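# Structural features, examined
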Amino acid sequence: MATITVVGIGADGWDGLSLTAQLELGGAEVIIGSNRQLALLPASDALLVAWPSPMLPAVEPLLSEHRGKRVCVLASGDPMMFGIGGTLVRLLGAEALRVVSHPSSVSLACARLGWPVEDVEVVSLVGRPVESLLAQPNRRMLVLSAGAGTPGQVAELLRTRGYGPTPMTVFEELGGAGERRHDGTAAAWSAQVGGLNVVALDCRLAPGVSPMGRTPGLPDDAFDHDGQLTKREVRAVTLAALAPLPGQLLWDVGAGAGSIAIEWMRTHPSCRAVAVESRAERAEGILRNAQLLSVPGLAVVHGRAPAALADLPRPDAIFAGGGVSGDGVLAACWEALRAGGRLVANAVTLESEAVLTRWQASVGGALTRIEVSRAAPIGGFTGWKPMMPVTQWEVVKT
C-alpha cells in the first residue's frame, strides 16, 4: 500500500493541478519539495519541508523522519520523466508510492512546436555535463536544462562540433504566467534566459562537416591516440561480437585510447563502461576522447590488470585488448563475468594468440582471424597495404 504520494506540479502552480492532486496536497501532513515548488502552494496546515542541497543523500533520512505521516513529495511536471518519482521508485519500490502525474515540460514544448513527442529525443543535463549531448543530423532533441547557463553551453557545444546552423528554441517557465519563447541558431545564440527552461534543437550540420553516427566503426582519427588503438575495421567487428544492449556494463581491459568502451557507450545512452589502462598518459587520453565523443560518463581506472579489476562492479561484457598474455588477466575477467555475459579478446602477437587458443580449448567459444588491407600509395601507383592480422576469441559464459 502506498505511503508516499508524489504530485507533479507545473509552472502554473496550484491552479494548474487536477482536483485529485489538489485533494492529495490538501490532505497531506508533510509536503516536501524545492523552495520554488513550495512557493507555488496556497497556505495550509501541512509542514512544508524544502530539500537540502545536495538532495539525493537526504532523501531516505528525510522520508524516514516523517514515516507514518501523510507525506506528499512535489515534482516538476511529470514525476516519472527524469524526476524525483524515478529516484523514489529505485529507493523505496513502486509499491511504496502513489504518483499523481502532470504534463511534462517535454509534452508542453512539443505542443508549442507542433512536434510529435515520439519523434523527439529527450536529454537531461540536470546533474550531467553538457558534453553528454550527442547531436545527430536531422534529429529533433529536447534538452532539460540545469539552469540559466545551459542554453549558452549547448549552443557553444553545437558550434564546436559542426552543428552551428541548428535552430534553437528556448522556452522559459512553460505553462506558467511568465512563459517566454526565444528563437535563434546555435551559431548566433546570445539570448539571456531564466533558470527554468527547456531547449529545443532541430539538429543541422554545417556544410562540409561529416557526421559521426552511433554505429560502431568511427574513423581512427576521431580518437586522440599514440598508436595503441583498435583500428576501425577490427573495432566494428569487435563491437558486433560484444553485442551491446541497453543498460549493460562493459569492462575494456587494456583500453589504450578507450575506443571500444567509447563506442560501446555511444550505441545507447544507458550503456555503461569502465576503461582500465595501466599508463597514466593513456588514461588521461581516454578521458579526453570520452568528452569529445559525447560519453563523459565513461569511468576510467588507472591501474594494471588483474589487480585493477578487483573492486569493479561485475560486468555484462568484457573486452580484453592490451595485456591478454599477462598473468591472471583472462582468469580474473572470466571469474568476474556474469553468467550469460560475453568475453571478446583480441591478440596480435604469437604469445597472446597462444593464450587465447588455450582458453578456447578449455571453455569453448569461437576463434576468428581478422585480416584487413588498406589501399596506399606505392610509388606512383596504388596497392594494398596489409595491417597486422588479429586473432579474436569470442565466448559466452554459460
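The structure reproduced in this document is the subject of the present report.

## Overview of the pairing of strand β2 (residues 30-33)
In β2, alternate side chains face the same way, and those of Val30 and Ile32 on one face and Ile31 and Gly33 on the other are all buried. One ladder, built from four bridges, connects β2 with strand β3 (residues 47-50); its direction is parallel. Considered in β3, the bridge of Ile31 is made with Leu48. Bridge count between β2 and strand β4 (residues 71-76): three bridges; the pairing is parallel. Looking across to β4, one finds that Ile32 is bridged to Val73.

## Points about unusual backbone geometry
The step from Ser53 to Pro54 runs through a cis peptide bond, and the omega angle for that step is 0°. Within the secondary structure layout, Pro54 lies in the loop between β3 and α3 (56-65). With an omega dihedral of 10°, the bond running from Ala305 to Pro306 counts as a cis peptide bond. Within the element layout of this structure, Pro306 appears in the loop between β13 (299-302) and β14 (317-320). Phi is positive for Glu173, close to 45°, though the residue is something other than glycine.

## Points about the sheet that holds strand β12 (residues 272-277)
With mixed pairing, seven strands are arranged side by side in an open sheet as β13-β12-β11-β14-β15-β19-β16. Looking at strand neighbours, the two that pair on one side only are β13 and β16 (366-370), the edges of this open sheet. Each adjacent strand pair in this sheet contributes to an overall mean axis angle of 15°, direction not counted. In the packing of helix α7 (residues 232-242) onto the sheet, the strands contacted are β11 (249-253), β14, β15 (342-347), β16 and β19 (390-396), and the crossing angle to β15 comes to about 155°. The strands touched by helix α10 (residues 329-336) are β11, β14, β15 and β19; relative to β15, the strand with the most contacts, the crossing angle is about 165°.

## A look at the environment of Glu335
Counting through the fold element by element, Glu335 comes out in helix α10. As a C-alpha pair, Glu335 and Val100 span 235 residues in sequence and 45 Å in three-dimensional space. Those residues in contact with Glu335 that lie beyond four places of it in its chain are Arg314 and Lys397.

## Examining the packing of aromatic side chains
What the rule picks out here adds up to three aromatic pairs. With a centroid separation of 6.1 Å and 40° between ring planes, the pair formed by Trp359 and Trp393 is classed as tilted. Taken together, the residues span a long stretch of sequence, with Trp359 in helix α11 (residues 350-363) and Trp393 in strand β19 at a distance of 34 residues. Pairwise contacts between aromatic rings join Trp334, Trp359 and Trp393 into one cluster. In this arrangement the basic side chain of Lys397 is found over the ring face of Trp334, its NZ or CZ atom lying 5.7 Å from the centre.

## A word on the sheet that holds strand β10 (residues 197-202)
Overall, mixed pairing links the five strands, which are arranged β6-β7-β10-β8-β9 in an open sheet. Each edge of the sheet is formed by a strand with only one pairing partner; in this case those strands are β6 (120-124) and β9 (180-185). Ignoring strand direction, the axes of neighbouring strands in this sheet form an average angle of 20°. Relative to β10, strand β8 (residues 167-172) runs antiparallel, the two sharing five bridges. Across the sheet, residue Phe171 finds its bridge partner in β10, namely Val198. Of the strands in this sheet, β6, β7 (140-144), β8, β9 and β10 touch helix α5 (residues 105-113), which is tilted by about 135° from β7. Sitting on the sheet, helix α6 (residues 150-160) is in contact with β7, β8 and β10, with an inclination near 20° to β10.

Basis of the calculations
Residues take numbers from 1 onward in each chain, read along the sequence in its written order. Since the coordinates come from a predicted model, pLDDT governs what is reported: local features require at least 70, and pairs of side-chain atoms require 80 or more to be given and counted, while whole-chain, interface and lining totals use all residues. Working from all heavy atoms in the structure, the side-chain values ignore hydrogens and water. Burial classification: accessible surface area is computed with a 1.4 Å probe over protein chains only, and a residue below 20% of its type maximum counts as buried, one above 50% as exposed, and the rest as partly exposed. Helix numbers and strand numbers start at the N terminus; a helix is a DSSP run of H or I with at least 4 residues, a strand a run of E with at least 2. Pairing between strands requires that DSSP locate at least two bridges from one strand to the other. To get an axis, a line is fitted to the C-alpha atoms, and for a helix only the part in contact is used. The angle between two axes follows their N-to-C directions and goes from 0 to 180 degrees. Contacts are assigned to residue pairs that have any heavy atoms within 4.5 Å of one another. Note on aromatic contacts: the rings of Phe and Tyr and the six-membered ring of Trp form a pair at centre separations within 6.5 Å, being stacked when their planes are under 30 degrees apart, edge-to-face when over 60 apart, and tilted otherwise. Only lysine NZ and arginine CZ atoms are considered, and such an atom sits over a ring when it is within 6 Å of the ring centre and within 35 degrees of the ring normal.

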